[in-house]
Amino acid sequence: MQIALSPEIFLRRATLEDAPALASVLATMDERAAPTELEHQAMRETLIDMARYPDFCAYLLFERDQLVGSFSLMVFPSPSHHGFQQALLDGVAILPEKRGQGLGEMMIRQAMRLASDKHCYKLMLSSNIKRVAAHRFYEHLGFTQHGLSFSIQFEANRNNCA
C-alpha cells in the first residue's frame, strides 16, 4: 500500500526486499560507509523481528520512485496512561542531498497522521544531542522537548549496534 503525499512523492511500508536500501538510507544519518552484505542481512533480520510486534514497521519515502528517506513507527499502549496508545518515531533519515527541500516535513507530518489515526495521545522521538539542525526541524513541526532522555549501553552488546 502506498500513501501519496504529492503527485511525485509517496510513502510505503518497507518489505524484506527493501532491507539493503533501508540500511543505506539509515547509514547516511551518521555519514557511515555504504552498508555491507552482512549489514543488509542484519536489516532483513531486524525487519523480521519488527514484524513480530503488532504495530511496528519501517516506512520508506520515495520521490519519483527514488528512495529518499525513512522512519520507523511503533504504536503501543501506555501502562502509565490507562492503556492509551502512544507512538515512538525512530530511524528518521533523509538523504543528505535531499535535505532542506520539504521532504522530511512531508514525511514526519505523515508519521504524525499515522499516530493520530491510531488514537495515540503522543508521538515521541529521541535525537542525538549533537543534531542541532534536526532539533530545530522537530521544533518547527511542533515537537517540544519533554524531560530528559537517558540511556545506557552494555559493553557486551555494543558491537551489535551501528
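Scroll up for the structure.
My aim in this report is to walk through the structure given alongside it, one point at a time. On a predicted model such as this, the values are computed, not experimentally measured, just so you know.

## Focus on the overall build of the protein chain
For step 1, the next point in the chain: When you go through the protein chain residue by residue, the secondary structure sums to four helices and six strands.
For step 2, the next point in the chain: Along the chain direction, N to C, the helices and strands of the protein chain fall in the order β-β-α-α-β-β-β-α-β-α.
For step 3, the next point in the chain: The C-alpha atoms of the protein chain give a radius of gyration of 16 Å, which matches the 15 Å a tight globule of 162 residues would have.
For step 4, the next point in the chain: Within the span of the protein chain, comprising 162 residues, buried residues form 36% of the whole.
For step 5, the next point in the chain: Excluding contacts between residues fewer than 6 apart, the proportion of contacts in the protein chain whose partners are at least 24 apart in sequence is 57%.
For step 6, the next point in the chain: Surface summary for the protein chain: the accessible area is close to 10,600 Å², and the carbon and sulfur share equals 55%.
For step 7, the next point in the chain: In the protein chain, which carries 16 positive and 18 negative side-chain charges, the distance between the mean positions of the two groups comes to 4 Å.

## A closer look at the pattern of salt bridges
For step 1, the next point in the chain: Under the definition given, this model contains eight salt bridges.
For step 2, the next point in the chain: A salt bridge links Asp 49 to Arg 52, with the nearest nitrogen and oxygen atoms 2.6 Å apart.
For step 3, the next point in the chain: Several salt bridges converge on common partners, so that one network encompasses Glu 8, Glu 63, Arg 64 and Lys 98.

## Quick word on unusual backbone geometry
For step 1, the next point in the chain: Its identity is not glycine, yet Asp 65 carries a phi of approximately 65 degrees, on the positive side.
For step 2, the next point in the chain: With respect to the element layout, Asp 65 can be found in the loop between strand S3 (56–63) and strand S4 (66–77).
For step 3, the next point in the chain: Backbone geometry places His 119, a non-glycine residue, at a positive phi of 65 degrees.
For step 4, the next point in the chain: Take His 119: its relative accessible area is 66%, and that puts it in the exposed class.

## Here's the deal with helix H1 (residues 19–27)
For step 1, the next point in the chain: Within H1, burial applies to Ala 19, Leu 22, Ala 23, Val 25, Leu 26 and Ala 27.
For step 2, the next point in the chain: Turning to H1, the residues buried within the fold contact helix H2 (37–50), S3, S4 and strand S5 (85–94).

## What about the nonpolar core?
For step 1, the next point in the chain: The biggest cluster of nonpolar side chains holds 26 residues, and the ones touching the most others in it are Leu 11, Leu 61, Phe 71, Leu 73, Leu 89 and Met 107.
For step 2, the next point in the chain: The set of elements that each furnish at least two residues to this core consists of strand S2 (9–13), S3, S4, S5 and helix H3 (103–117).
For step 3, the next point in the chain: Ranked by residue count, the leading element in this core is H3, at six residues.
For step 4, the next point in the chain: Excluding residues within four positions of it along the chain, Leu 11 makes contact with Met 1, Gln 2, Ile 3, Leu 5, Tyr 59, Leu 60, Leu 61, Phe 71, Met 107 and Gln 110.
For step 5, the next point in the chain: Judged by nonpolar contacts, the second largest core, of 16 residues, contains Ala 19, Val 25, Leu 47 and Ala 93.

## A few points about the sheet that holds S4
For step 1, the next point in the chain: Taken in spatial order, the six strands line up as S1-S2-S3-S4-S5-S6 in an open sheet, and their pairing is mixed. Every interior strand has two partners, whereas the edge strands, strand S1 (2–4) and strand S6 (123–125), have only one. Each adjacent strand pair in this sheet contributes to an overall mean axis angle of 25 degrees, direction not counted.

## Brief notes about the packing of aromatic side chains
For step 1, the next point in the chain: Following the criterion strictly, the structure yields five aromatic pairs and no others.
For step 2, the next point in the chain: Their ring planes at 85 degrees and their centres at 5.8 Å tell us that Tyr 53 and Phe 56 sit as a pair that is edge-to-face.
For step 3, the next point in the chain: Arranged with centres 5.0 Å apart and planes meeting at 20 degrees, the rings of Tyr 59 and Phe 71 form a pair that is stacked. Of this pair, Tyr 59 sits in strand S3 while Phe 71 sits in strand S4, and the two are twelve residues apart along the sequence.
For step 4, the next point in the chain: For Tyr 59, a relative accessible area of 6% puts it in the buried group.
For step 5, the next point in the chain: Through successive ring pairs, a cluster of aromatic residues spans Phe 137, Tyr 138 and Phe 143.

So, how was this worked out
- Residues numbered from 1 in each chain as written.
- Predicted model: local features only at pLDDT ≥ 70, side-chain atom pairs only at ≥ 80, totals over all residues.
- Heavy atoms only, no water.
- Helix = DSSP H or I, 4+ residues; strand = E, 2+ residues; numbered from the N terminus.
- Rg over C-alpha atoms; globule rule 2.2 N^0.38 Å.
- Buried < 20%, exposed > 50% of the residue type's maximum accessible area, 1.4 Å probe, protein only.
- Contact = heavy atoms within 4.5 Å.
- Areas by Shrake-Rupley, 256 points an atom, 1.4 Å probe, with all protein chains shown as cover.
- Lys, Arg positive; Asp, Glu negative; His and termini not counted.
- Charge placed at Lys NZ, Arg CZ, Asp CG, Glu CD.
- Salt bridge = Lys/Arg side-chain N within 4 Å of Asp/Glu carboxyl O.
- Core = buried A, V, L, I, M, F, W, Y, C linked by side-chain atoms within 4.5 Å.
- Pairing = 2+ DSSP bridges.
- Axes fitted to C-alpha atoms, helices over the stretch in contact; angles between N-to-C directions.
- Phe/Tyr/Trp six-rings, centres within 6.5 Å; stacked < 30°, edge-to-face > 60°.

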